[in-house]
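Read off the chains here:
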2 protein chains.
Amino acid sequence: MSEQIHLTVTGMTCGGCERAVARALQRLDGVTAVQASHEAERVDVTREGDVPDRATIVAAIETLGYVVPAHTDAG
Amino acid sequence: MSEQIHLTVTGMTCGGCERAVARALQRLDGVTAVQASHEAERVDVTREGDVPDRATIVAAIETLGYVVPAHTDAG
């Protein structure tokens with residue numbers, strides 16, 4: 001069963017940033033789709049059940065220098 | 001002995017892109033420094049000898065959706 005996780009992500013400032021985040025997340029096992037918006041400062045990840053877990057997703061984003069503020073899961 | 005490799009990279013459109021490329025490359029074994037410029041469409045990588053090899057560096061950049069045109073090593 002697929003499930004969505006919504007994250008607030010700051011530091012993306014253009015479409016190239018959105019694509020970089022999306023491409024990095026799409027490489028993780030379990031991720032089936034990614035929508036990233038620098039204007040909304042938001043990343044929506046569709047995953048299989050709860051894989052990958054939130055920490056893995058956050059680590060992949062932060063590795064690239066973007067920021068996931070603590071306790072700010074978007075809606 | 002450290003060595004520099006210079007690549008033409010297209011698709012970076014802001015400072016966030018530059019940082020994403022730099023962060024991804026800095027994680028590769030052997031990379032000691034990275035300078036990325038979206039305006040110059042150029043990435044300079046300082047590495048230990050010839051590690052990592054050019055193909056590994058190019059793959060890390062292209063994984064994020066940026067493009068390294070064939071046969072266009074920058075000066």
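Residues numbered from 1 in each chain as written. Chains lettered and ligands numbered in written order. Predicted model: local features only at pLDDT ≥ 70, side-chain atom pairs only at ≥ 80, totals over all residues. Heavy atoms only, no water.

### Regarding the interface of chain A and chain B
At the junction of the two partners, chain A supplies 15 residues and chain B supplies 15 residues. For the pairing of chain A and chain B, the buried interface totals around 1200 Å² over both sides, and the portion due to carbon and sulfur atoms is 54%. At the junction of chain A with chain B, the criterion picks out zero salt bridges. Counting only elements with at least two residues in the side of chain A that touches chain B, the list comes to helix H1 (15-26) and helix H2 (54-63) of chain A. Ranked by residues supplied to the side of chain A that touches chain B, first place goes to H1(A) with six residues. Across the side of chain A that touches chain B, the residue classes break down as six nonpolar, five polar and four charged. (Contact = heavy atoms within 4.5 Å. Buried area = accessible area lost by both parts, 1.4 Å probe. Salt bridge = Lys/Arg side-chain N within 4 Å of Asp/Glu carboxyl O. Helix = DSSP H or I, 4+ residues; strand = E, 2+ residues; numbered from the N terminus. Nonpolar A, V, L, I, M, F, W, Y, C, P; charged D, E, K, R; others polar.)

### Things to note about the sheet that holds strand S3 (residues 42-48) of chain B
Residues and elements named next belong to chain B. A sheet is described by the order of its strands in space; here three strands give the open sequence S1-S3-S2, paired in antiparallel fashion. Each edge of the sheet is formed by a strand with only one pairing partner; in this case those strands are strand S1 (2-8) and strand S2 (31-37). Neighbour-to-neighbour, the strand axes of this sheet turn through a mean angle of 15 degrees, independent of strand direction. Note: S2 against S3, six bridges, orientation antiparallel. In the strand pairing of S3, Val31 is matched with Arg47. Here helix H1 (residues 15-26) sits on the sheet and contacts S2 and S3; the angle it forms with S2, its principal contact strand, is near 165 degrees. (Pairing = 2+ DSSP bridges. Axes fitted to C-alpha atoms, helices over the stretch in contact; angles between N-to-C directions.)

### Some points on the sheet that holds strand S2 (residues 31-37) of chain A
All names here are of chain A. In spatial order, the strands read S1-S3-S2; together these three strands make up an open sheet with antiparallel pairing. Where the open sheet ends on each side, the last strands, each with one partner, are strand S1 (2-8) and S2. Adjacent strand axes in the sheet meet at a mean angle of 15 degrees, parallel and antiparallel pairs treated alike. H1 rests against S2 and strand S3 (42-48) of the sheet, and its axis sits at about 165 degrees to S2.

### Some points on helix H2 (residues 54-63) of chain B
Residues and elements named next belong to chain B. The complete set of buried residues in H2 reads Ile57, Val58, Ala60 and Ile61. Projection of H2 onto a plane perpendicular to its axis shows the buried side chains occupying an angular sector of 160 degrees, all on one side. Buried residues along H2 sit against S1, H1 and S3. Positive phi shows up at Gly65, right after H2, with a value of about 95 degrees. (Buried < 20%, exposed > 50% of the residue type's maximum accessible area, 1.4 Å probe, protein only. Arc of directions from axis to C-beta.)

### Describing the pairing of S3(A)
Residue and element names in this part refer to chain A. Burial within S3 is extensive, with five of its seven residues counted as buried. In the sheet, S1 pairs with S3 via seven bridges, with the strands oriented antiparallel. By the bridge assignment for S3, Gln4 is matched with Thr46. In this antiparallel pair of consecutive strands, S2 and S3, the connection spans four residues, and Glu41 shows a positive phi of 50 degrees.

### Things to note about the relation of the copies chain A and chain B
When chain A is brought onto chain B, the operation consists of a screw motion whose angular component is 180 degrees and whose axial shift is 0.0 Å, with 0.0 Å RMSD remaining. Here the transformation between the copies is reduced to the relation of a two-fold axis. Using C-alpha coordinates, one finds that chain A approaches the rotation axis most closely at A:Cys17, a distance of 2.7 Å. The residues that chain A uses at the interface reappear at the interface of chain B in 100% of cases, marking a shared surface. (Least-squares fit on C-alpha atoms with pLDDT ≥ 70 in both.)

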